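What follows is each chain in one-letter form.
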Amino acid sequence: MKLTMDPFCEEDLPKITRIWNDVVEQGDSFPGDRMLSLDEAREMFAAQTETVCVKLDGEVVGVYILHPNHIGRCSHVANASYGVKKGCRGNGIGRAMVLDSLHRAKVHGFRGLQFNAVVCLNAAAIHLYEQLGFTRVGVIPGGYRLADDTYVDLLIFYHPTV
């Protein structure tokens, strides 16, 4: 089985948009709360430092975006968001994407990778980030509104790239 990670291209757009929208629709991890049209997704993905399409034996199974966490004097720290296709989760694809994003962040000159919005209920992501050496640097009480309109805590994680 061969896992590849390459910058997205137009032919990947419908599949990575579906993966992205599936995560949004779950309402338990991404900040966004509405689905993206193909045109909106194209614009959003193109605006990133990198949008990476992940394929397993040629099948699109994931997508991640990498970009500055903030502007100006804080733009040397990256941020990323990851989506894995339903039915493909739990097979190490997320781990491979995080490791790849740490590498790409360093290549782009970012000094670290920060996650601002890790939902406290996302046990798999939290376990992965801690296993990969990310440090939990903060909690935002009630910082995330779930799809059922209840509020849960957000966690902030950081990993240096230098």
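Our structure's up above, just so we're on the same page.
Here is a short report on the structure shown in this document.

What counts, and where the lines are drawn
By convention here, each chain's residues receive numbers from 1 onward along its written sequence. Given that the model is predicted, a residue must reach a pLDDT of at least 70 before its local features are reported, and side-chain atom pairs must reach 80 or more before they are shown or counted; all residues, however, enter totals for whole chains, interfaces and linings. Heavy atoms from the whole structure form the basis of all side-chain values; hydrogens and water molecules are not counted. In this description a helix means any DSSP run of H or I spanning at least four residues, a strand means any run of E spanning at least two, and both kinds are numbered starting from the N terminus. The cut-offs for exposure are 20% and 50% of the maximum accessible area for each residue type, with area from a 1.4 Å probe on protein chains only; residues under the lower value are buried, those over the upper are exposed, and the others partly exposed. Contacts are residue-level and defined by heavy atoms, with any inter-residue pair within 4.5 Å sufficient. As a rule, the C-alpha atoms of each element are fitted with a line to give its axis, helices using only the stretch in contact, and angles between N-to-C directions run from 0 to 180 degrees. Here the angle decides the label: under 35 degrees means roughly parallel, over 145 means roughly antiparallel, 65 to 115 means roughly perpendicular, and every other value means oblique. Residue polarity follows a fixed list, in which Ala, Val, Leu, Ile, Met, Phe, Trp, Tyr, Cys and Pro are nonpolar, Asp, Glu, Lys and Arg are charged, and the others, Gly among them, are polar. By convention in these notes, a salt bridge is any Lys or Arg side-chain nitrogen within 4 Å of a carboxyl oxygen on Asp or Glu. The term polar contact refers here to a pair of N or O atoms within 3.5 Å; inside protein, the definition further demands a hydrogen-donor-capable atom paired with an acceptor-capable atom, and it admits residues adjacent in sequence only when both atoms are side-chain atoms. Among the buried residues, those of types Ala, Val, Leu, Ile, Met, Phe, Trp, Tyr and Cys that are joined through side-chain atoms within 4.5 Å form a nonpolar core. Strand pairing follows a simple DSSP-based rule, namely that at least 2 bridges must link the two strands. Orient the strands so they point away from the viewer, and a crossover whose first-strand-to-second-strand path over the helix runs clockwise is right-handed.

## Considerations on the environment of aspartate 6
Consideration 1: Along the chain, aspartate 6 turns up in strand 1 (residues 3–7).
Consideration 2: Since its relative accessible area comes to 43%, aspartate 6 is described here as partly exposed.
Consideration 3: With residues near it in sequence (within four places) discarded, aspartate 6 still touches Thr51, Val52, Cys53 and Arg104.

## Some thoughts on the packing of helix 1 (residues 13–26) against helix 2 (residues 38–46)
Consideration 1: Interhelical geometry of helix 1 versus helix 2 gives an angle of 90° and a closest axis separation of 10 Å. One element, helix 1, and the other, helix 2, form an angle in the roughly perpendicular class. Across the interface between the two elements, Leu13, Pro14, Ile16, Thr17 and Trp20 from helix 1 touch Leu38, Ala41, Arg42, Met44 and Phe45 from helix 2.
Consideration 2: Class assignment of the residues belonging to the contact of helix 1 with helix 2 gives a composition of eight nonpolar, one polar and one charged.

## Some remarks on the pattern of salt bridges
Consideration 1: Per the counting criterion, the structure on display carries 12 salt bridges.
Consideration 2: A salt bridge links aspartate 39 to arginine 42, with the nearest nitrogen and oxygen atoms 2.6 Å apart. Placement of both aspartate 39 and arginine 42 in helix 2 is noted, with a separation of three residues, approximately one turn of the helix.
Consideration 3: On the accessibility criterion, aspartate 39 (53% relative accessible area) is exposed.
Consideration 4: By relative accessible area, arginine 42 is classed as partly exposed at 29%.
Consideration 5: For aspartate 149, the salt bridge is made with arginine 145, and the minimal N-O distance between the two is 3.2 Å.
Consideration 6: Aspartate 149 gets classed as partly exposed once you look at its relative accessible area, which sits at 48%.
Consideration 7: Residue arginine 145 is classed as partly exposed on the basis of its relative accessible area, which comes to 40%.
Consideration 8: Residues participating in the shared-partner salt-bridge network are Glu10, Asp39 and Arg42.

## A look at the side chain of asparagine 79
Consideration 1: Here asparagine 79 shows up in strand 4 (residues 77–84).
Consideration 2: Within the structure, asparagine 79 has its side chain in polar contact with the backbone oxygen of glutamine 114 (distance 3.0 Å).
Consideration 3: Look past the residues within four positions of asparagine 79 in its chain and what remains in contact with it is Ile65, Leu66, His67, Pro68, Asn69, Leu113, Gln114, Phe115 and Asn116.

## Focus on the nonpolar core
What tends to happen in soluble globular proteins is that the nonpolar side chains get buried as a cluster.
Consideration 1: Of all hydrophobic cores here, the largest spans 28 residues; its most connected members are Tyr82, Leu113, Phe115, Tyr129 and Phe134.
Consideration 2: For this core, the elements supplying multiple residues, two or more each, are strand 2 (50–56), strand 3 (59–68), strand 4, helix 3 (93–107), strand 5 (112–119), helix 4 (123–131) and strand 7 (151–160).
Consideration 3: Ranked by residue count, the leading element in this core is helix 3, at five residues.
Consideration 4: Not counting chain neighbours up to four residues away, the residues in contact with tyrosine 129 comprise Tyr82, Val98, Phe115, Val118, Phe134 and Phe157.

## As for the pairing of strand 5
Consideration 1: Counting buried positions along strand 5 yields six of eight residues, so the element is predominantly enclosed.
Consideration 2: Relative to strand 5, strand 4 runs parallel, the two sharing two bridges. Bridge pairing in strand 5 links alanine 78 to leucine 113.
Consideration 3: As for the winding sense of the linkage, the β-α-β connection from strand 4 through helix 3 to strand 5 is right-handed.

## Re the sheet that holds strand 3
Each strand in a sheet pairs with another by means of backbone hydrogen bonds, the pair being arranged parallel or else antiparallel.
Consideration 1: Read from one edge to the other, the open sheet built from seven strands follows the order 1-2-3-4-5-7-6, with strand pairing classed as mixed. Both outer strands of the open sheet, strand 1 and strand 6 (135–145), are each paired with one neighbouring strand and no more. Adjacent strand axes in the sheet meet at a mean angle of 25° when their direction is disregarded.
Consideration 2: Examined bridge by bridge, strand 1 and strand 2 share five bridges and lie antiparallel to one another. Within the sheet, the bridge partner assigned to proline 7 lies in strand 2 and is valine 52.
Consideration 3: With respect to the sheet, helix 1 is in contact with strand 2, strand 3 and strand 4, its orientation differing from that of strand 3 by roughly 75°.

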